[in-house]
Amino acid sequence: MKKCWVLGIETSCDETAAAVVENGDRLCSNVISSQMQIHRRFGGVVPEVASRRHVEKITGILQQALDEAGVRQEELSAIAVTQGPGLVGALLIGVAAAKALSFATGVPLVGVHHIAGHIYANHLVKPLRFPLVALVVSGGHTELIHMPEHNRFERLGRTRDDAAGEAYDKVARVLGLTYPGGPEIDRLAKQGKPVIDFPRAWLEPDSLDFSFSGLKSAVINYLHNAEQRGERVDKADLAASFQEAVMEVLTEKAVRAARFKGVSNLVLAGGVSANSALRESLAARCRQEGIQLSFPPLELCTDNAAMIAAAGTYRFLDGERAGLELNAEPNLKLV
Amino acid sequence: MKILAIDTSTLVLGVAVTEEGSLLGEVTTNLHKNHSVRLMPTIARLLKELELQVEDLDAVAVAAGPGSYTGIRIGFTTAKTIAWSRGIPWVPVSSLAALAMNGIRFPGKIVPLFDARRHRVYTGLFRGNEGVSVPVKEERVTDLTAWLKELREEGPLLFLGEDVSRFREEMVRMLGGQAVFGMGRENAVSATHLGQLAFARLRSGEKTEDMEAAPNYLQLTEAEAKWVRSRKRGEPR
């Protein structure tokens, strides 16, 4: 069989990334230039700073991804680029580079949805088994997606306000933890006990949507009230309580979604899938329910281009092609 | 030597191919539409009309700023990627130097400018010399009034740029007959001029840019400027 090499390009937020994937599931290279250190001083990602950095880094990263894979530009079957969602100025760099490379080489171009990419991160370690339900949790997304087969997506639920990762970052900020807050809270929570009863937003009885802004406000109010009464708050207990409230809702809704669709494969994806409490909570629940759970290795949880190349491979094989007028879509819909 | 020249630093979109500094073809539109969507198809269409393949190009020139941040980045990334892919040199050229090319036959000095908002402009001072624009003062982003004061001693001045009309009254008030204004086509960058400037630089054997070169924004991002100020005041973080 002729080898299908796809170059992935990802610049939707603060990582400049390129990767080569063979036949949709074998990682040949995976290069990431993270800007986390740069944005830390600002307490969050500054879009203009991110865009500027992408322009400087993108070409060298593309070169490195091809070099490490030992694949020449003209040997590529396709170029896959994150089209959205994300920061528009940041997305534009990846899209402009992908289109220019496609034009200069004649290699076909496909646009990829960032969330589809996160789901396909799993495919790089263990082939996805269909039908499946994916729980995608990151700083920008909290969604439940049903996939009957490759490259087919149906959205079952999403956050109506803050993404789970966003709630983590905001709570981390009021606790005085460093950015990004997710790993910090996860670490702190291990030292505490979930003794505070924070609200869980279940929404309508049959809803698979999420809401985390109420929980975030409850945590902030709890801190303020304690401060006004001059009481000391055990930050570890507070982190553990907040984390438990998030995990309970994510776990329960993911299992509900799998049951609703009658599927026995659940896939975890996105930056927050690196969270140890979420992995443990889902693993325990899935064992009870007889559901097969997969999650990506830590290095593929956060934004990377290998996942974009993997997802792009199946779009390419499905016959999808993007033209040179391809544009970045900050609010791109998966379905 | 065939050079592909790209300008997306303002609302104008310009693409040209030059050979030994002479025009082979140029497309310029002032549609105020999305550069991200239109740039690559415009390049492809122009090359097709000229019956050229991307393999025929010897270098890529790009307007490297100052100008619209997003615009510059689209042109810069596109130019850099094509050049990298083809293994040919790429030459970032000042958008202001390119605009000043429209006035090199003017006997005085040339002041190209773009609106930088809040009464500030991206600008510089140039003069024509042997068919190219040469900088007399360093490019800058500055308050317009302060800039006009500084220019009083510079003799006759030709102001160029689509945004100049917004400031014309103040220019005449401060400089009187010393201020001359560009007309029509003279106020928009011509991508051919970019190609000419790049050709002059390549011919003189100037070193071309490395892959990590950055566009010339002329100023820090607001977040960085704020951070620098807070550090100077000795605030924590």
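Residues numbered from 1 in each chain as written. Chains lettered and ligands numbered in written order. Predicted model: local features only at pLDDT ≥ 70, side-chain atom pairs only at ≥ 80, totals over all residues.

**As for the overall build of chain B**
Applied cut-off: For the purposes of this entry, the term helix denotes a DSSP run of H or I that reaches at least four residues, the term strand denotes a run of E that reaches at least two, and both are numbered from the N terminus. This radius of gyration counts C-alpha atoms alone. The globule rule is 2.2 Å times how many residues there are, raised to the power 0.38. Residue burial here comes from a neighbour count, namely the number of other C-beta atoms, placed from the backbone, that lie within 10 Å of the residue's own C-beta, with 20 or more meaning buried, 12 or fewer meaning exposed, and in between meaning partly exposed. Any two residues are considered in contact once their C-beta atoms, placed from the backbone, lie within 7 Å.
Secondary structure summary: chain B contains 7 helices and 10 strands in total. Its C-alpha atoms give chain B a radius of gyration of 18 Å, within 12% of the compact-globule value 18 Å for 237 residues. If one aligns the C-alpha atoms of chain B with their principal axes, the spans along those axes are about 50 × 50 × 35 Å. Residues counted as buried form 45% of the 237 residues belonging to chain B. Long-range pairs, those at least 24 residues apart, make up 69% of the contacts in chain B with a sequence separation of at least 6.

**Some thoughts on the sheet that holds strand 2 (residues 13–19) of chain B**
Residues and elements named next belong to chain B. The condition is simple: We treat two strands as partners when DSSP finds at least two bridges between them. Convention adopted: a line fitted to C-alpha atoms gives each axis, helices being fitted over their contacting stretch, and angles between N-to-C directions are expressed from 0 to 180 degrees.
Across the sheet, 5 strands lie side by side as 3-2-1-4-5; this open sheet has mixed pairing. Edge positions in the sheet fall to strand 3 (22–29) and strand 5 (90–93), since each has one partner strand and no second. Sheet twist, expressed as the average angle between the axes of neighbouring strands with direction ignored, equals 15°. With 4 bridges joining them, strand 1 (residues 2–7) and strand 4 (residues 59–63) adopt parallel strand pairing. If you follow Ile 6 over to strand 4, its bridge partner there is Val 62. The strands touched by helix 1 (residues 35–49) within the sheet are strand 1, strand 2 and strand 3, with strand 2 carrying the most contacts at an inclination of about 30°.

**Points about the interface of chain A and chain B**
So the rule is basically this: As a working rule, the residues Ala, Val, Leu, Ile, Met, Phe, Trp, Tyr, Cys and Pro are called nonpolar, Asp, Glu, Lys and Arg charged, and the rest polar, with Gly in that last group.
Counting residues at the interface gives 29 residues for chain A, matched by 29 residues for chain B. With 12 residues, the single largest contributor to the side of chain A that touches chain B is helix 3 (residues 88–105) of chain A. Taken together, the residues of the side of chain A that touches chain B sort by class into 16 nonpolar, 7 polar and 6 charged.

**Here's the deal with unusual backbone geometry**
The omega angle of the peptide bond from Phe130(A) to Pro131(A) is -5°, so this bond is cis rather than trans. Note that Pro131(A) resides in the loop between helix 4 (114–120) and strand 6 (132–137). The linkage connecting Gly65(B) with the following residue, Pro66(B), adopts the cis geometry, with an omega of 0°. Relative to the helices and strands, Pro66(B) resides in the loop between strand 4 and helix 2 (69–86). Non-glycine residue Glu51(B) carries a positive phi angle of around 55°. Mapped onto the elements of the fold, Glu51(B) is located in the loop between helix 1 and strand 4.

**Description of the domain arrangement of chain A**
Residues and elements named next belong to chain A. We apply this condition: The split of the chain into domains comes from an automatic or database domain assignment.
Taken domain by domain, chain A holds domain 1 (5–120 + 301–317) and domain 2 (129–295). Tallying the contact residues gives 11 residues for domain 1 and 19 residues for domain 2. Those elements that place two or more of their residues in the side of domain 1 that touches domain 2 are helix 4 and helix 10 (306–317). For the side of domain 1 that touches domain 2, the leading source of residues is helix 4, giving 4 residues.

**Quick look at the confidence of the model for chain B**
What counts is decided by this rule: Predictor confidence is given residue by residue as pLDDT, running from a minimum of 0 to a maximum of 100.
Mean pLDDT for chain B: 94, with 99% of residues reaching 70 or above. Both scores are given for the predicted complex: the pTM is 0.93, the ipTM 0.95.

**Overview of the UniProt feature "binding site: substrate" (unreviewed entry) in chain A**
Residues and elements named next belong to chain A. Operational definition: UniProt positions are given in the numbering used here, feature names are shortened, and annotations may be inferred rather than shown by experiment.
Per the UniProt annotation, the sites labelled "binding site: substrate" (unreviewed entry) are Val 136, Val 137, Ser 138, Gly 139, Gly 140, Asp 169, Gly 182, Asp 186 and Asn 275. What Ser 138 contacts, discounting residues up to four positions off in sequence, is His 118, Ala 163, Gly 165, Gly 270, Gly 271 and Val 272. Of note, Asn 275 is situated in the loop between strand 9 (265–269) and helix 9 (276–289). Among all residues touching Asn 275, those that are not within four sequence positions of it are Gly 182 and Asp 186.

**Overview of helix 1 of chain B**
This is how it is decided: Any helix carries an expected span of 1.5 Å times its number of residues minus one.
For helix 1 of chain B, which comprises 15 residues, the first-to-last C-alpha distance of 20 Å matches the rise-based estimate of 21 Å (1.5 Å per residue) to within 8%. Within the sequence span of helix 1 of chain B, burial applies to His35(B), Ser36(B), Arg38(B), Leu39(B), Met40(B), Thr42(B), Ile43(B) and Leu47(B). Against helix 3 of chain A together with strand 1, strand 2, strand 3 and helix 2 of chain B lie the buried residues of helix 1 of chain B. One or two residues past the end of helix 1 of chain B sits Glu51(B), with phi positive at roughly 55°.

**With respect to the packing of helix 4 (residues 144–151) of chain B against helix 5 (residues 168–175) of chain B**
Residue and element names in this part refer to chain B. Selection rule: The handedness criterion is simple: a crossing whose near helix is rotated anticlockwise from the far helix by less than a right angle is left-handed, and one whose near helix is rotated clockwise is right-handed.
Packing of helix 4 against helix 5 leaves a shortest axis separation of 10 Å and a crossing angle of 35°. Regarding helix 4 and helix 5, the two cross each other, and that crossing is right-handed. Here helix 4 contributes Leu 144, Leu 148 and Leu 151 to the contact with helix 5, which in turn contributes Glu 170, Met 171, Met 174 and Leu 175. For the contact of helix 4 with helix 5, the class distribution of residues is 6 nonpolar, no polar and 1 charged.

**A closer look at the domain arrangement of chain B**
All names here are of chain B. Looking at chain B, the domain boundaries give domain 1 (2–95 + 189–226) and domain 2 (96–187). Measuring from the centre of the C-alpha atoms in domain 1 to the corresponding centre in domain 2 gives 22 Å. Domain 1 puts 17 residues into the contact, and the matching count from domain 2 is 13 residues. Residue contributions to the side of domain 1 that touches domain 2 peak at 5 residues, all from helix 6 (residues 191–203). A breakdown of the residues in the side of domain 1 that touches domain 2 according to their chemical character gives 8 nonpolar, 8 polar and 1 charged.

**Focus: helix 5 (residues 164–174) of chain A**
All names here are of chain A. Along helix 5, 8 of the 11 residues are buried, which leaves the element largely enclosed by surrounding structure. Of the residues making up helix 5, those classed as buried are Ala 164, Gly 165, Glu 166, Ala 167, Tyr 168, Asp 169, Val 171 and Ala 172. Looking at the buried positions of helix 5, the neighbouring elements they touch are strand 6, strand 7 (142–147), helix 6 (181–189), helix 7 (213–228) and helix 8 (235–261). Immediately beyond the C-terminal end of helix 5, within one or two residues, lies Gly 176, with a positive phi of roughly 75°.

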